[in-house]
Number of protein chains: 2
Amino acid sequence: MLNELEQVLPADIEKRSFEIITEELGDKELIPGTEPVVKRCIHTSADFDYADNLVFSDNVAERALSAIQNGASIVTDTQMAKAGINKKRLAQYGGEVYCFMSDEDVAQAAKENGTTRAAACMDKAASLYRDGRIRKQNGEQESGLIFAIGNAPTALVRLYELINEGKLKPELIIAAPVGFVNVVQSKELILTLKDIPYIVARGRKGGSNIAACICNSLLYML
Amino acid sequence: MLNELEQVLPADIEKRSFEIITEELGDKELIPGTEPVVKRCIHTSADFDYADNLVFSDNVAERALSAIQNGASIVTDTQMAKAGINKKRLAQYGGEVYCFMSDEDVAQAAKENGTTRAAACMDKAASLYRDGRIRKQNGEQESGLIFAIGNAPTALVRLYELINEGKLKPELIIAAPVGFVNVVQSKELILTLKDIPYIVARGRKGGSNIAACICNSLLYML
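Reading the values: the criteria
Residues numbered from 1 in each chain as written. Chains lettered and ligands numbered in written order. Predicted model: local features only at pLDDT ≥ 70, side-chain atom pairs only at ≥ 80, totals over all residues. Heavy atoms only, no water. Contact = heavy atoms within 4.5 Å. Salt bridge = Lys/Arg side-chain N within 4 Å of Asp/Glu carboxyl O. Polar contact = N/O pair within 3.5 Å; in protein donor to acceptor, adjacent residues only side chain to side chain. Helix = DSSP H or I, 4+ residues; strand = E, 2+ residues; numbered from the N terminus. Pairing = 2+ DSSP bridges. Axes fitted to C-alpha atoms, helices over the stretch in contact; angles between N-to-C directions. Core = buried A, V, L, I, M, F, W, Y, C linked by side-chain atoms within 4.5 Å. Buried < 20%, exposed > 50% of the residue type's maximum accessible area, 1.4 Å probe, protein only. Right-handed = clockwise from strand over helix to strand, strands pointing away. Phe/Tyr/Trp six-rings, centres within 6.5 Å; stacked < 30°, edge-to-face > 60°. pLDDT = per-residue confidence, 0-100. Expected span 1.5 Å × (residues − 1). Arc of directions from axis to C-beta.

K.L.:
Explain the interface of chain B and chain A to me, using residue names and the numbers behind them.
P.N.:
On the chain A side, the residues contacting the 47 residues of chain B number 47 residues. Remark: the boundary between chain B and chain A carries three salt bridges. Between B:E24 and A:R204 there is a salt bridge; the shortest N-O distance is 2.5 Å. At the junction of chain B and chain A, the tally comes to five residue pairs in polar contact (both at pLDDT 80 or more). Breaking the side of chain B that touches chain A down by element, the ones donating at least two residues are α1 (13-25), α2 (35-45), α5 (79-84), α9 (153-164), α10 (183-191) and α11 (208-221) of chain B. Among the elements that make up the side of chain B that touches chain A, the one with the highest residue count is α1(B) (six residues).

Structure, rendered in structure tokens:
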């Protein structure tokens, strides 16, 4: 059995994977500039549905890369997504990754408001947000905000409300919750937003792994 | 748009999701005792392929639950999988989650041996392993080992070798790497093991999220 393994050097495994993905995509047309995002989602999931279900706002990659280069931070709705993002790479541009899901005040707020912790996390992000920037914990630096949502449609719905109330203006929304209850609808909400760059995994599919890998695909473009 | 959302209380979202999954599975036959694993993989991915691609060794759920109740710890091949496992629930039975991927000695060993860090992690697990148990860092307790592999086929291959060399005897192998290079083959290797309980996501699909959710599906059965 062991001799059936393909001999590929550790450093070449990812390269070889992307070659196979490119080969199997064949002449599938992708939007110029978004190919690395699509291919990394397929790399992360082995699911070629991502060649069809990712929706990109105009020039989103360009705008996202510019936000990252200007020190944007990333807010996630799961510790898993936070764990999956290349934080060292992001830090090179001054950004951090925040996940408020385990915070005591978030649990308390969710309980009091009869909402989910993920929605309460968006309120917490908004409370830290001023003039297009987030106040970092050390108080020293500020940056724009990217939301990478891979789990909770309730986070996306709250995000939509906060944007419409003028309390948040994200540099990018990665909308990739997964599942069966309000997942599809929450993503359609994000698709109605004007002037907010987005990458949406339309339909039921997505996940913390997909949200994280979309962030990484952007980071690796720089 | 907001009024198109289904009204479901936060506490009921997961229950409602599982109802939808059960409904859509229809009369699909699942192996008794494995249904919660299959359904949670679908819940995590919105991908019904998991109704077909999960392979279970005989009585694996029963054996895995017994291992957890006896204090088994879990070794993962990614920080993401570690982040996704319900560590509080596992700790109730005395188990911990280990991921050696960021360890300096693992990076060093991988470099020296021309292998991947994931494979070197399996060697590190074996070096900590004695008489069916792992030496915990505080030196006080010992437990069996469950391997939850959601990323690296090289980890599975090394695990297979270590088992055949008599250096490891896992209580359970969750074999769910995802991807394109040796992923399929590495899972087939695990399927050839005798006397080692396994849950294998056959084919290309899997991921850290799937490895973690299989662990959680077992924990939630207790």
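K.L.:
Hey, could you go over the sheet that holds strand β9 (residues 198-201) of chain A for me, with residue numbers and the actual values?
P.N.:
Two pairing modes exist for strands in a sheet, parallel and antiparallel, and in both the strands are linked by backbone hydrogen bonds. All names here are of chain A. Read across the sheet, six strands follow the order β1-β9-β8-β7-β2-β3 without closing on themselves; strand pairing throughout is mixed. In this open sheet, the two edge strands, each paired with only one partner strand, are β1 (54-56) and β3 (97-99). Direction aside, the axes of adjacent strands within the sheet are offset by 15° on average. Direction of pairing for strand β2 (residues 73-76) relative to β3: parallel, over a ladder of three bridges.

K.L.:
Could you give me a rundown of the nonpolar core, with the residues and numbers involved?
P.N.:
Counting residues in each nonpolar core, the largest one holds 84 residues, and the members touching the most others are A:L54 and B:L54. Setting aside anything within four residues of it in sequence, one finds B:L54 in contact with B:V37, B:V38, B:C41, B:I199, B:V200, B:A201 and B:I214.

K.L.:
If you had to explain the pairing of strand β8 (residues 172-175) of chain B to someone new, which residues and values would you point to?
P.N.:
Residues and elements named next belong to chain B. Side chains of β8 alternate between two faces, with L172 and I174 and I173 and A175 buried alike. With four bridges joining them, strand β7 (residues 145-149) and β8 adopt parallel strand pairing. Paired with I146 across the bridge in β8 is L172. What joins β7 to β8 is α9, and the crossover it makes is right-handed. Sheet topology places β8 next to strand β9 (residues 198-201); three bridges connect them, and they run parallel. Residue I173 lies in a different strand from β9, and its bridge partner there is Y198. Chirality of the crossover, the property in question, places the unit of β8, α10 and β9 among those that are right-handed.

K.L.:
Help me get a handle on the packing of aromatic side chains, residues and values and all.
P.N.:
Evaluated as defined, the whole model comprises four aromatic pairs over all chains. An angle of 80° between the planes, with centres 6.1 Å apart, marks the rings of A:F48 and B:F180 as edge-to-face. Residue A:F48 is found in the loop between α2 (35-45) and α3 (50-53), and its partner B:F180 is found in the loop between β8 and α10; the two belong to separate chains. Of the residues examined, A:F48 reaches a relative accessible area of 23% and is grouped as partly exposed. We classify B:F180 as buried; its relative accessible area is 8%.

K.L.:
Could you give an account of the confidence of the model for chain A, with specific residues and numbers?
P.N.:
Residue-level pLDDT values for chain A average 93, and 94% of them are 70 or greater. Scored as a complex, the prediction yields pTM 0.93 and ipTM 0.92.

K.L.:
Could you give an account of the sheet that holds β9(B), with specific residues and numbers?
P.N.:
Residues and elements named next belong to chain B. Spatially, β1-β9-β8-β7-β2-β3 is the arrangement adopted by the six strands of the open sheet, whose pairing is mixed. Here the strands that pair on one side only, and so sit at the sheet edges, are β1 (54-56) and β3 (97-99). Ignoring strand direction, the axes of neighbouring strands in this sheet form an average angle of 15°. The strands touched by α10 are β1, β8 and β9; relative to β9, the strand with the most contacts, the crossing angle is about 155°.

K.L.:
For helix α1 (residues 13-25) of chain A, give the residues involved together with the corresponding values.
P.N.:
Residues and elements named next belong to chain A. If you check α1, its first and last C-alpha atoms are 18 Å apart, about what 13 residues at 1.5 Å a residue would give, namely 18 Å. Those residues of α1 not exposed but buried are S17, F18, I20, I21 and L25. For α1, the angular spread of buried residues about the axis comes to 160°, placing them on one side. Turned more than 90 degrees from where α1 packs its buried face, K15 and E23 sit exposed. Considering only its buried residues, α1 is in contact with α2 and α3.

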